[in-house]
Amino acid sequence: MLDVKGGDNSSFDFLLVKYRSPLVNFLYRMVRDRATAEDLAQDVFLRVYRARKQYIPSAKFTTWLFRIATNAALNSVRDNRHQKMEVSLDAPVRDEESAPRELPARETRIDEHLLERDRAEFIQRAIASLPEKQRAAVLLHKYEEMDYAEIAKVLDCTDAALKSLLFRAYENLRIQLAPLVNPSAPARAEERRSP
Amino acid sequence: MNCEKLTQELITYLDGRMHEVERRETEEHLRGCATCRERAEQFRRVWTAMDEVPVIDPSFGFDARVRQRVAAEPGRNWFGWFVPQARLAFSAVLLIALTVWIAKRPSGNPGTPGPMTEQDFNAIKDLGVLENYDVVTKMDALSELVPAVDQPTQNSEAEPTQSND
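Counting restarts for each chain, with residues numbered from 1 along the sequence as it is written. Lettering of chains starts at A and numbering of ligands starts at 1, both following the order in which they are written. A pLDDT threshold of at least 70 governs which residues receive local features in this predicted model, and a stricter bar of 80 or more applies before side-chain atom pairs are shown or counted, although totals over entire chains, interfaces and linings include all residues.

S.K.: Mind showing me how you'd approach the overall build of chain B here?
M.R.: Broken down by element type, chain B carries eight helices and zero strands. Comment: elements are numbered from the N terminus, with helices defined as DSSP H or I runs of at least four residues and strands as E runs of at least two. Ordered by position from the N terminus, the helices and strands of chain B form the series α-α-α-α-α-α-α-α. Three exposure classes are used, based on other C-beta atoms lying within 10 Å of a residue's own C-beta, which is placed from the backbone: buried for 20 or more, exposed for 12 or fewer, and partly exposed in between. Out of the 165 residues belonging to chain B, those deemed buried represent 8%.

S.K.: Looking at this model, I keep getting lost on the overall build of chain A. Mind explaining?
M.R.: Helices and strands together make up the secondary structure of chain A, namely 13 helices and zero strands. Moving toward the C terminus, one meets the helices and strands of chain A in the order α-α-α-α-α-α-α-α-α-α-α-α-α.

S.K.: Looking at this structure, I do not really get the nonpolar core. What am I missing?
M.R.: Most often, soluble globular proteins keep nonpolar side chains buried together rather than apart. Residues and elements named next belong to chain A. Any set of buried Ala, Val, Leu, Ile, Met, Phe, Trp, Tyr and Cys residues joined through C-beta atoms within 7 Å is what this text calls a nonpolar core. Of all hydrophobic cores here, the largest spans 55 residues; its most connected members are Leu27, Ala69, Ala137, Leu166 and Tyr170. Counting residues per element, this core draws most heavily on helix α2 (residues 9-31), at ten residues. Note: domain ranges come from an automatic or database domain assignment. Shared between two domains, this core takes at least three residues from each, and those domains are domain 1 (1-85) and domain 2 (94-195). With residues up to four places along the chain from it excluded, the contact list for Leu27 reads Ala37, Leu40, Ala41, Ala69 and Ala73. By the convention adopted here, residues are in contact when the distance between their C-beta atoms, placed from the backbone, does not exceed 7 Å.

S.K.: Can you help me understand the interface of chain B and chain A in this one?
M.R.: Accessible area lost during the coming together of the parts is what is often quoted as the interface size. Facing 27 residues of chain B, the contacting portion of chain A comprises 29 residues. Only α1 (3-15), α3 (34-50) and α4 (62-71) of chain B provide two or more residues apiece to the side of chain B that touches chain A. Ranked by residues supplied to the side of chain B that touches chain A, first place goes to α3(B) with seven residues. Each residue gets one of three labels, nonpolar for Ala, Val, Leu, Ile, Met, Phe, Trp, Tyr, Cys and Pro, charged for Asp, Glu, Lys and Arg, and polar for the others, Gly among them. By residue class, the composition of the side of chain B that touches chain A is 15 nonpolar, five polar and seven charged.

S.K.: Would you take a moment to explain α1(B) for this structure?
M.R.: Along an α-helix, residues three or four apart share an orientation, since each turn contains 3.6 residues. What a helix is expected to span follows from its residue count: subtract one and scale by 1.5 Å. Given a rise of 1.5 Å per residue, 13 residues ought to cover 18 Å, and the 18 Å separating the end C-alpha atoms of α1(B) matches this to within 8%. A residue's bend is the angle separating two fitted axes: one through the seven residues that end there, the other through the seven that start there. In α1(B), a bend of some 60 degrees at Glu9(B) exceeds every other bend along the element. Of the residues making up α1(B), those classed as buried are Leu6(B), Leu10(B), Ile11(B) and Tyr13(B). Residues of α1(B) that are buried in the fold lie against α11 (159-176) of chain A together with α2 (20-32) and α3 of chain B. With its phi angle positive at about 75 degrees, Gly16(B) sits one or two positions after the end of α1(B).

S.K.: Looking at this structure, I do not really get the packing of helix α9 (residues 132-142) of chain A against helix α10 (residues 148-155) of chain A. What am I missing?
M.R.: A pair of packed helices is captured by two measures, namely the crossing angle of their axes and the spacing between those axes. Residues and elements named next belong to chain A. Where α9 meets α10, the axes come as close as 10 Å, and the angle between the chain directions of the two elements is 145 degrees. Of the two possible hands of crossing, α9 and α10 adopt the one that is right-handed. Counted together, Lys133, Ala136, Ala137, Leu140 and His141 of α9 and Ile151, Val154 and Leu155 of α10 form the full contact between these two elements. The class makeup of the residues in the contact of α9 with α10 is six nonpolar, one polar and one charged. Each axis is a line fitted through C-alpha atoms, taken for helices only over the stretch in contact, and angles between the N-to-C directions span 0 to 180 degrees. Take the far helix as your reference; a near helix turned counterclockwise from it by less than a right angle gives a left-handed crossing, and one turned clockwise gives a right-handed crossing.

S.K.: Hey, could you run me through unusual backbone geometry in this one?
M.R.: Generally, phi is negative for residues other than glycine and the peptide bonds are trans, each holding for most cases. Its identity is not glycine, yet Glu145(A) carries a phi of approximately 55 degrees, on the positive side. Along the chain, Glu145(A) falls in the loop between α9 and α10.

S.K.: Got a minute to help me understand the confidence of the model for chain B in this structure?
M.R.: Any segment with low pLDDT has predicted coordinates that should not be analysed in fine detail. All names here are of chain B. What pLDDT reports is the predictor's confidence in each residue, on a scale of 0 through 100. Looking at chain B as a whole, the pLDDT averages 75, with 64% of positions reaching at least 70. Taken element by element, the predicted model of chain B shows its lowest mean pLDDT in helix α8 (residues 133-164) (54) and its highest in α3 (92). Low pLDDT (under 50) marks residues 153-165, which in the prediction has zero contacts with non-local residues, meaning those over four places away or in another chain. Scoring of the predicted complex yields 0.63 for pTM and 0.74 for ipTM.

Here you go:
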């Protein structure tokens, strides 16, 4: 990035080739729309290029890059919430950070859903159902393999808050993915539903 | 180590980033607590399941579009070095305007000369006389001579009057 700052455009090409795939995948998992993810990724690269003169190597380049990407994704998700949400906006609002959005079809007949869709799609939808900040934390932790300090910088929170956020996110995923990670879960769910 | 403490540190433990002493304490707790052990195991399964999510490739024209947008960015040419930044240019213009305004502003200071009157003009007109060295040097002598010449005349005229009375 320092070479890009110095006006070396070939170094920008190097960054583009190196980070395009992780960036597009991260954004795709955040916004769940390929075209939007690619548009956002382009915007992120453009913002990196525009900000090259002001770049100060106080943190890792990836931290800076994913901070820009996360902000872009969160803005996009919030702007398009009305179109993207799969549950009614009239439904009671739940604590954004403590509980995942409900996926009604999955919760009621999750076993049937598993038959209709493949596991990967099921997992992707479970990730997408997480509140945005939990989702970003999980994606950066699991797929980008960032350390806690880096993720905390990207999400602008403390290390302790991040660990708590990650725990809640994985706990939500554990519940969402219960049919995959806990074979006895559907039976328990049925038991709870019966009077 | 208890269940609540483990909740805070479970991710660190599963990541393998826990210090040795804490790791041993955690493992000891997990051996004795079926709930935490089950949760830790299910977290591991969640992580394994997440590996099944496919990786997508950016579309064929992605790089080209980014490069195109970057190329369309207004770049600074070699003469850009001479072009001042907007803030600097604004400051300079403001400074010049302020200087011009102060210079043209009518002064309210009584010590400075005001508009010239006719009396001042006459005084200045006679300045040449005062600057004449000969006139100035003889001024004192003249002031002494005038009463000396006039007094006897007046006295000579008064004395006969008094004497006549």
